[in-house]
Amino acid sequence: MKATFYSNGKLLITGEYVVLDGAKALAIPTKFGQYLTVEPVLESWSLEWISYNSDGTIWFEETLPFSTLIHKERFPESHTIKNTLVEIMHEAYLLNPTFITKSNGFKVTTQLTFPKNWGLGTSSTLINNIAQWANVDPFLLLKNSFGGSGYDIACAKNNTPILYQLLNNIPYIEQVNFNPIFSEQLYFLYLNQKQSSKTAITHYLNKQVKVGQNISAINQLTSQIVQTQNVTDFALLLEKHEVLLSKILEVQTVKEAYFSDFKGIVKSLGAWGGDFVLVVSKENPKAYFESKGFSTLLPFADMVL
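To start, this report covers the structure provided alongside it. Keep in mind that what you see is a predicted model, and the values were worked out from it rather than measured. (Residues numbered from 1 in each chain as written. Predicted model: local features only at pLDDT ≥ 70, side-chain atom pairs only at ≥ 80, totals over all residues. Heavy atoms only, no water.)

Side note on the overall build of the protein
Helix and strand counts for the protein come out as 12 helices and 11 strands. Within the protein, the fraction of its 305 residues that count as buried is 54%. Within the protein, counting contacts between residues at least 6 apart in sequence, those at least 24 apart form 68% of the total. Positive and negative charge centroids in the protein, built from 24 and 26 side chains respectively, lie 3 Å apart. (Helix = DSSP H or I, 4+ residues; strand = E, 2+ residues; numbered from the N terminus. Buried < 20%, exposed > 50% of the residue type's maximum accessible area, 1.4 Å probe, protein only. Contact = heavy atoms within 4.5 Å. Lys, Arg positive; Asp, Glu negative; His and termini not counted. Charge placed at Lys NZ, Arg CZ, Asp CG, Glu CD.)

Topic: the packing of aromatic side chains
Evaluated as defined, the whole model comprises 19 aromatic pairs. A ring pair is formed by Phe182 and Phe234, whose centres lie 5.0 Å apart and whose planes are at 50°; its orientation type is tilted. Residue Phe182 is found in the loop between β7 (170–175) and β8 (186–190), and its partner Phe234 is found in helix α9 (residues 231–249); the two are separated by 52 residues along the sequence. Where Phe259 meets Phe289, the ring centres are 5.1 Å apart and the plane angle is 90°; that geometry is what we call edge-to-face. Note that Phe259 is positioned in the loop between α10 (254–258) and β9 (265–268) and Phe289 in helix α11 (residues 286–291), a separation of 30 residues in sequence. (Phe/Tyr/Trp six-rings, centres within 6.5 Å; stacked < 30°, edge-to-face > 60°.)

What to know about helix α8 (residues 214–227)
Because an α-helix completes one turn every 3.6 residues, residues spaced three or four positions apart along the sequence face the same direction. Under the 1.5 Å per step criterion, the end-to-end length of α8 is 20 Å for 14 residues, consistent within 8% with the ideal 20 Å. Among all positions of α8, only Asn214, Ile215, Ile218, Asn219, Leu221, Thr222, Ile225 and Val226 are buried. Mapping the buried residues of α8 onto a view down its axis gives an arc of 165°, with all of them on the same face. Those residues of α8 that are exposed and aimed more than 90 degrees away from the buried face are Ser216 and Gln227. (Expected span 1.5 Å × (residues − 1). Arc of directions from axis to C-beta.)

A short note on α9
Taking 1.5 Å per residue as the helical rise, α9 with its 19 residues ought to reach 27 Å, and the 27 Å between its terminal C-alpha atoms agrees with that figure. Buried within α9 we find Val231, Phe234, Ala235, Leu237, Leu238, His241, Glu242, Leu244, Leu245, Ser246, Ile248 and Leu249. Of the residues that open α9, the one with a side-chain oxygen 2.9 Å from the backbone nitrogen of Thr232 is Asn230. Residue Glu250 follows α9 closely and has a positive phi angle near 55°. (Polar contact = N/O pair within 3.5 Å; in protein donor to acceptor, adjacent residues only side chain to side chain.)

Observations regarding the sheet that holds strand β11 (residues 297–299)
One open sheet holds the four strands; their spatial order is β9-β10-β8-β11, and the pairing between them is antiparallel. Among the strands making up the open sheet, the edge pair consists of β9 and β11. Going from strand to strand, the sheet's axes swing by 30° on average, the running direction of each strand aside. Where β8 meets strand β10 (residues 276–280), five bridges bridge the pair, whose relative direction is antiparallel. Of the residues in β10, the one forming a bridge with Phe188 is Leu278. Against the sheet, α9 contacts β8, β9 and β10, and its axis sits at roughly 45° relative to β9. (Pairing = 2+ DSSP bridges. Axes fitted to C-alpha atoms, helices over the stretch in contact; angles between N-to-C directions.)

Thoughts on the environment of Phe60
On the secondary structure map, Phe60 appears in strand β4 (residues 58–65). Residue Phe60 is classed as buried on the basis of its relative accessible area, which comes to 10%. Spatially, the C-alpha atoms of Phe60 and Thr109 are 9.9 Å apart, while their sequence positions differ by 49 residues. Each residue touching Phe60, except ones within four places of it in the same chain, is listed here: Trp49, Ile50, Ser51, Ile81, Lys82 and Leu85.

Listed below in structure tokens is the structure:
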């Protein structure tokens, strides 16, 4: 019997990186996401997999015997996507062996509703979809396979903005109302490059950053950003957050790096240096960003679920 699963994409508005150390983060599910459709196949004893991009093109296609998933067979480093899929499926198998051992074979198709390079959660939506299919805990599946704080899994499962926090490695999720009255002045700009969340997290953890006293400051900024209904205050809070994270990460802010002459606010989201940034501007900034070579600008209402 055919089954279809869907998960929301994600954007991390506050608490990037430091959410790993227990800071409170504001995260929003997006109108974009990923579908996963599973069809049983008789006596193939394998996983026939096809992944489609939002434009209908195939970006990954592979057939994997069940034995490869069960024993987590590794392939050369050039087969990054295949190795990642095998790892996720292997960990799902360990959490619930019967979903593979009691099956004869599967044909699986995935369909992104956003371009794969946008960084809205190709991996997190896949993990949450596989967890639904295998009937396992998606947070545990993430931890055992890909790693990360889990905010992206929370977005995949929730249809409203959330406050997300790890306390003693346990995720706490609070649904919040985040639809500012000034949302027409908010935009999401794509920086023309995909940033690997896994690589960014590894780099952050390897730096062994001492966040300690900064966590309470991030928590306070997050709470204020959710509550403020004044665009000037909102912009100032975003700027404070950006400056604080810049000091913690010892990395230049995205505005300093690319848009120093922009009359507005530009804030990094998620992994710094790629994917989307949040823009606050009184006037539509499309012409400005196009002049800088950045053509993908989405209004708040077109992005946020």
